[in-house]
Amino acid sequence: MLVSGIKSRPHYPGLKPDANAKQNVIVADSGGAGAVADMMRQVDADFASRCIVLLVGAGDFAACEPFKFASVWSSPTIATAINRLVNVLQHGRMGLRLYVAGTEPLIGQVVKAAVEHGIEHNSVRTEHRGSTSRRVQCVHCKGITEDVTTNPVTCAHCGTALLVRDHYSRRYAAFMGVRIDAEAPGEIPQSVGEFK
Amino acid sequence: MTANMQRVRVARVDDVAAGIKRFELVGLAGQSLPMFSAGSHIVVTMRDKDQVWRNPYSIMGVSEDNGYVISVHSSPESRGGSRYMHTKVHVGSELDISEPVNLFPIVHTGRKHILIAGGIGITPMLAMLDELKRDASIFELHYAVRSPEAGAYFSDLMSETGRSIRVYSSDRGERIPLAAILSNQPLGTHVYVCGPQRMIDWALEVADRAGWPEENVHCERFSSAPPGKPFDVELRNGTVVHVGEHQSMLEALEHAGVDAPYLCRGGACGQCVTRVIASDSKLVHNDHYLTDEEKQAGEQIATCVSRADGGCIKLDL
Amino acid sequence: MNTFFKDETFRDDFTFQNSPEAVARFPFPYWEDKYMYSVNMEPHVKAGAPGSVYEFPIDIDEHYVSDMRDRALVLAEDPLRCQALPHMMSAQWDVLELLMISMAEAYPKHFTLNRHGDEWHWINRPLRIEDKFRFGDATTLPYEPMEYITRQCQGDFSVLDQRENNLWMDAGIATSQADWSLDFDIGMNFMEWHGPVPLAHEIGVFDRALKFLLNLQQGKPVRRLNWTMTINPRLDTSPENYDKWGIDRCAVTPENVGDKVHLRVELQALWRLPRSNAMLFSIRAYLLKMRELVTNPDWARRFHRVLKSLPPELADYKGLTRYRDATVDWLAKYDDGKPTPTGFLLK
């Protein structure tokens, strides 16, 4: 479960179907597939025909199989899924509703792509499912380290030991990482699994 | 609690259409008036013997001598302020106006802007057109009038080049084809609606059915306080203020010398929301600020437009 | 030639010092002997005796030239300290206009602004800058408007777009910040960029402040004071450079408190901007060494008591933990236990 009380992190209120949307674009990893299925059980039969679904990464997507979506594409990674999504958004018109379910990094990167294509961030329907692993941006070298599950974590770009701060940027879709031993160089606490 | 006031002189008055007059206001002491963002309005204070009216009017633009241009529609339902502007205000008249306040701004992150105006609702749109053109933004304006004669600025707008401005005359059977307009817009388009209540309700409904998220739909409701049953307001110190049928609660309070807070005077901004201590009758909420739950709870009221259904309410004022 | 503007450094050899006049006008932020957050906003109007930091909307002091030199160094090292999202151009011009007019009106000896319609002519004598440009045409300035003028004005600035009933930090410059990153925070809204501040959210300070600011009108700016502490008179205490200044926190000894430990007060002001309906948020830092602070006996008493009683979450968030005790001990000898008058203790 996500720790509440971190004020700069967005809320993920859950997938709610938009019956009026002319086109529904749904992005989900295997953790989020269940959220998609839950949503589809709330709508009538022809909703699926207005849905384009992007499945991200490996895992079990059986929950999504019963539904007759207009298109279903699978991408091996978040980065490749975002490429596909960008292509859909470039042709998108008002009346398109975007949904994303899965890890926070997936949600963050989908919302980031949405905003870059003119969609208001709070128009995207989001639901967190699965791991609480984070993306972390090193404030020093500006590099992003993916799939962070420990605190502190080593920056994948400059090697600095980073304290993962509970401060989130929607623009970077990442939490801030700051050098943990700046006040006492070399004194790096043991990494603890914090975001599983 | 109130806005900064400026004293202005009416430099020009024109009849623009049936029931609509255009006024140019300049600083009385020759002072230049503050710059404003499109969508802003000013609250004009009008005094006639012991009557005082304060009405919000959208700033349409800047006049040649750097004054404000506003339009006033005087209708039979007017509580007196608009009628006063039409009958008693001439070139040379002096008025007090507030600083510009903007409750209907252009969304700067929008990629395209669609303006939908009905009747006098064209006034903020004219300022928006200036700003959108200045910023080289992509826009469309769709303006519904009863007839070319009744439509203010119809001929000015018709002479605008380009396909981005369309005027629809209802007595020729023309209607804004809003569903069609909204059906094929790029992501990041925002729509802005200003006009009579009915038109706004219709536009919001059409946008919703077209699958537009609420975040992209904006409206300025030109609500002036609707009339209602007379009622009484009791203040904390026991004074009882009587609110007449055609008087807003805020106006009655001001008339009684109470320095009640306000800003937009149109039920939109929440500045006038006051705690209700007790009420022996139903509250009539006419504002767009309180949530449905807050309105149900009956513990707060927007004094500028809302009322009680007769009886007496006690306010924390 | 000029004797008013000092030639000093805010890094390396840290030659910064306050003259007695600068000490006297320092905006001491505590009105009682303890500290807790509040919505402490008041109208940003002229206050205090002539020469006070509240005399003019924008305060230019003896540190101006050196401060701007340090800013230029920070920007050369890290251009990401000054950014503006594309939709903020109209707000940038609003900012340029507000700051130029404020500076020229308040300090005609130093700054001159001549305007003929859109043709503007700006002279900044202390920095030896002179430019003619067309207002509204960014191609006629050597930098974008916000960067152009804020390179010549003390303090960090955030420019906030108002939409969706919120304020969004969509442009700004931060070279003298107390541990927040402009590059990271750009694009955040009011609640989000204040996210890391402990305790304040729970007591509703930000909800009330936001509601108030959304209705802020032109011509009625407001201000408040914020404070923290810094070791060495370093302006650039950004997270980006944390590995340069973090270590200073360990270098405080009982002997060097007076010189190394600084009270850092931010005078924050907010103005509604006319064309863009955005808001300008200035964050103007003032530094005071402990040995300068104790030249005022009431300040010495009060600050000792404030620092001693500060809740641990606040001390931790403000980064004071490592040197707080040493500073409290050092200040103790200036606190004779006498009562201090309530109020801000300004001269």
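Please refer to the structure higher up on the page.
Everything quoted here is computed from the prediction, not taken from an experiment.

A. Representation of unusual backbone geometry within the structure. Of note, the bond from A:Asn151 into A:Pro152 is cis; its omega dihedral lies within 30 degrees of zero at 0°. Here A:Pro152 lies in the loop between strand S8 (150-151) and strand S9 (153-154). A positive phi angle is found at C:Asp12, which is not glycine, with a value near 55°. On the secondary structure map, C:Asp12 appears in the segment before helix H1 (20-24).

B. Focus on the packing of helix H11 (residues 297-309) of chain C against helix H13 (residues 321-332) of chain C. Residue and element names in this part refer to chain C. Between H11 and H13, whose axes approach to 9 Å, the crossing angle comes to 150°. Our classification of the angle between H11 and H13 gives roughly antiparallel. Judged by the sense of rotation from one axis to the other, the crossing of H11 with H13 is left-handed. Together, Phe303, His304, Leu307, Lys308 and Ser309 of H11 and Arg324, Thr327, Val328, Leu331 and Ala332 of H13 make up the contact between the two elements. Of the residues that constitute the contact of H11 with H13, the class distribution is five nonpolar, three polar and two charged.

C. Broad picture of the sheet that holds strand S9 (residues 261-272) of chain C. Residues and elements named next belong to chain C. With antiparallel pairing, the seven strands of this open sheet are ordered in space as S1-S8-S9-S10-S6-S7-S2. Looking along the sheet, the strands with just one partner apiece sit at the ends: strand S1 (42-43) and strand S2 (82-84). Here S2 pairs with strand S7 (residues 166-173) via three bridges, running antiparallel. Across the sheet, Ala84 pairs through a bridge with Ala171, a residue of S7.

D. Quick look at the state of the cysteines. All names here are of chain B. According to the stated counting rule, one finds zero disulfides over all chains in the structure shown. No disulfide involves Cys219; its nearest neighbouring cysteine sulfur is the one of Cys194, lying 8.7 Å away. Free of any disulfide, Cys272 has its nearest cysteine sulfur in Cys304, 3.7 Å distant. A residue is classified by how much of its surface remains accessible, and Cys272, at 5% relative accessible area, is buried.

E. Structural view of the sheet that holds strand S3 (residues 111-116) of chain C. Residue and element names in this part refer to chain C. Within the open sheet, the three strands sit side by side as S3-S4-S5. Their pairing is antiparallel. In the strand order of this sheet, the two ends are held by S3 and strand S5 (129-134), each with one partner. Adjacent strand axes in the sheet meet at a mean angle of 10° when their direction is disregarded. Examined bridge by bridge, strand S4 (residues 119-124) and S5 share six bridges and lie antiparallel to one another. Looking at S5, one finds that Asn124 is bridged to Ile129. Each of S3, S4 and S5 is contacted by helix H3 (residues 89-106), which is oriented at about 125° to S3, the strand it contacts most.

F. Main features of the interface of chain C and chain A. At the junction of the two partners, chain C supplies 30 residues and chain A supplies 25 residues. Taking both sides of the interface into account, the surface hidden between chain C and chain A amounts to around 2300 Å²; carbon and sulfur atoms contribute 52%. Of all residues in chain C, the largest losses of buried area upon contact with chain A belong to C:Phe184, C:Glu192 and C:Tyr242, amounting jointly to 29% of the total for that side. Our count for the contact surface shared by chain C and chain A stands at eight salt bridges.

What counts as what
- Residues numbered from 1 in each chain as written.
- Chains lettered and ligands numbered in written order.
- Predicted model: local features only at pLDDT ≥ 70, side-chain atom pairs only at ≥ 80, totals over all residues.
- Heavy atoms only, no water.
- Helix = DSSP H or I, 4+ residues; strand = E, 2+ residues; numbered from the N terminus.
- Axes fitted to C-alpha atoms, helices over the stretch in contact; angles between N-to-C directions.
- Parallel < 35°, antiparallel > 145°, perpendicular 65-115°, else oblique.
- Left-handed = near helix turned anticlockwise from the far one by under 90°.
- Contact = heavy atoms within 4.5 Å.
- Nonpolar A, V, L, I, M, F, W, Y, C, P; charged D, E, K, R; others polar.
- Pairing = 2+ DSSP bridges.
- Disulfide = S-S within 2.5 Å.
- Buried < 20%, exposed > 50% of the residue type's maximum accessible area, 1.4 Å probe, protein only.
- Buried area = accessible area lost by both parts, 1.4 Å probe.
- Salt bridge = Lys/Arg side-chain N within 4 Å of Asp/Glu carboxyl O.

Interpretation note: all reported values are geometric properties and have no functional meaning in isolation.
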